[in-house]
Amino acid sequence: MAGRPRRSVLYMPGSNTRALEKAKTIPADALIFDLEDAVAPDDKVTAREQVCAAVADGGYGGREVVVRVNALETPWGAADIIAACEAAPDAILIPKVIHSGDIISAAKLLQSVHAPKKVRLWAMMETPMAILNARTISARAVYDDNRLDCLVMGTNDLIKESRARALHDRFAVVPWLAMTLAAARAYRLDIIDGVYNDFRDVEGFRDECEKGRILGMDGKTLIHPAQVGPCNEIFSPSAEEVEWSRKVIDAFGLPENQKKGVIVVEGHMVERLHFAMAQRVVEIADQIRDLEASAG
């Protein structure tokens, strides 16, 4: 299945009502309303109420709406999840996931409150233990009751906990990204790259987006609305990619090619796996077009 576009995934502080309203006009594919890192302890309950009210009221168009809750072991975690289930966002983002049991626990809580089936789970991969357990965490997606759809890289926390240096070439980070991406793809999950902290550094941001896309990331988490446009551009299929993909689809659709595993398209050997890749490119491109049209 093609899934949905997740090129730009913008964090919004749950304690800021103006930000929650402004998010309705920002052309991000997904919005993460944050109850965790962006909210001070004294503001947690108020932020939860504000976020859940905003989600329930809607008005975000085709944007995917995600609520990042506090960890289950905190005083707010379970209440965050229960309240979020009542508001029914597209997904709930679980922070500080370190092993597969964290996904199971969150999924059981969703089941216990009869959360709507559309509410999925995303997992923050932000600790060394999470990277070591990426395969077993991703494997939870085999069982639909676990609702796991997407992994989100928490690169700032990974750098802090590993004592790595935060260099622009991400020399230390790339192995973690690659390990987690392989696990995600093995179980057909999407995976979103970590944030770029200097939102004024446009060239540095674009370069990191390009490298993330080369690596295979579906999109990038963002900290500022100014990052959305470049991110959408870089993680979108190019016009050339879409055109070529349509040719591959059309070629395999010909009666004489429908049972073939390998065919020739404009002098290039093309296999069935390329046909599946082409279908995803076209479906994602069509969804992007519809999303942008609805954003108006």
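Computed from a predicted structure; not experimentally measured. (Residues numbered from 1 in each chain as written. Predicted model: local features only at pLDDT ≥ 70, side-chain atom pairs only at ≥ 80, totals over all residues. Heavy atoms only, no water.)

## Digging into the UniProt feature "binding site: Mg(2+)" (unreviewed entry) in the protein chain
Step number 1: Residues annotated by UniProt as "binding site: Mg(2+)" (unreviewed entry) correspond here to Glu 126 and Asp 157. The largest pairwise C-alpha distance within this set of annotated residues, which runs over 32 residues, is 5.5 Å, so the set is compact in three dimensions.
Step number 2: Mapped onto the elements of the fold, Glu 126 is located in the loop between strand 5 (120–125) and helix 5 (128–132).
Step number 3: Using a relative accessible area of 1% as the deciding quantity, one classes Glu 126 as buried.
Step number 4: Ignoring any residue separated from it by four or fewer positions in sequence, one finds Glu 126 in contact with Pro 95, Lys 96, Gly 154, Asp 157, Leu 158 and Glu 161.
Step number 5: Reaching out from Glu 126, the side chain makes a polar contact with the backbone nitrogen of Lys 96 at a distance of 2.6 Å.
Step number 6: Considering the arrangement of structural elements, one finds Asp 157 in helix 7 (residues 155–162).
Step number 7: Sequence-distant contacts of Asp 157, defined by excluding residues within four places in its chain, comprise Asp 37, Lys 96 and Glu 126. (UniProt positions renumbered as here; feature names shortened; annotations may be inferred. Helix = DSSP H or I, 4+ residues; strand = E, 2+ residues; numbered from the N terminus. Buried < 20%, exposed > 50% of the residue type's maximum accessible area, 1.4 Å probe, protein only. Contact = heavy atoms within 4.5 Å. Polar contact = N/O pair within 3.5 Å; in protein donor to acceptor, adjacent residues only side chain to side chain.)

## Some remarks on the pairing of strand 4 (residues 91–94)
Step number 1: The side-chain alternation of strand 4 yields two buried faces, one formed by Ala 91 and Leu 93 and the other by Ile 92 and Ile 94.
Step number 2: For the segment spanning strand 3 (residues 64–68), helix 3 (residues 77–87) and strand 4, crossover handedness is right-handed.
Step number 3: With 4 bridges joining them, strand 4 and strand 5 adopt parallel strand pairing. Looking at strand 5, one finds that Ile 92 is bridged to Leu 121. (Right-handed = clockwise from strand over helix to strand, strands pointing away. Pairing = 2+ DSSP bridges.)

## Overview of the packing of aromatic side chains
Step number 1: A full pass over the atoms with the stated rule returns 3 aromatic pairs.
Step number 2: We note Lys 24 situated over the ring of Tyr 60; from NZ or CZ to the ring centre the distance is 5.5 Å.
Step number 3: In this structure, Lys 44 is placed above the aromatic ring of Trp 76, and the distance from its NZ or CZ to the ring centre is 5.3 Å. (Phe/Tyr/Trp six-rings, centres within 6.5 Å; stacked < 30°, edge-to-face > 60°. Lys NZ or Arg CZ within 6 Å of the ring centre and 35° of its normal.)

## Digging into the domain arrangement of the protein chain
Step number 1: Annotation of the protein chain at the domain level lists domain 1 (8–235) and domain 2 (239–295).
Step number 2: Just the C-alpha atoms count here: the centres of domain 1 and domain 2 sit 30 Å apart.
Step number 3: Contact residues are listed per partner, giving 6 residues for domain 1 and 5 residues for domain 2.
Step number 4: The largest share of the area that domain 1 buries against domain 2 comes from Asp 29, Gly 62 and Arg 213, three residues that together contribute 55% of it.
Step number 5: Taken together, domain 1 and domain 2 are joined by 3 salt bridges.
Step number 6: The residue Glu 241 makes a salt bridge to Arg 213 at a minimum N-O spacing of 2.9 Å.
Step number 7: In this assembly, domain 1 and domain 2 are joined by 1 residue pair in polar contact (both at pLDDT 80 or more).
Step number 8: Of the residues that constitute the side of domain 1 that touches domain 2, the class distribution is no nonpolar, 1 polar and 5 charged. (Domains from an automatic or database assignment. Buried area = accessible area lost by both parts, 1.4 Å probe. Salt bridge = Lys/Arg side-chain N within 4 Å of Asp/Glu carboxyl O. Nonpolar A, V, L, I, M, F, W, Y, C, P; charged D, E, K, R; others polar.)

## Considering the packing of helix 2 (residues 44–57) against helix 3
Step number 1: Across the interface, helix 2 lies against helix 3 with an axial gap of 8 Å and an inter-helix angle of 20 degrees. It follows from the interaxial angle that helix 2 and helix 3 lie roughly parallel. Our pair here, helix 2 against helix 3, has a crossing hand that is right-handed. Contact residues: helix 2 offers Arg 48, Cys 52, Val 55 and Ala 56, while helix 3 offers Ala 79, Asp 80, Ala 83, Ala 84 and Ala 87.
Step number 2: Residues belonging to the contact of helix 2 with helix 3 are distributed by class as follows: 7 nonpolar, no polar and 2 charged. (Axes fitted to C-alpha atoms, helices over the stretch in contact; angles between N-to-C directions. Parallel < 35°, antiparallel > 145°, perpendicular 65-115°, else oblique. Left-handed = near helix turned anticlockwise from the far one by under 90°.)

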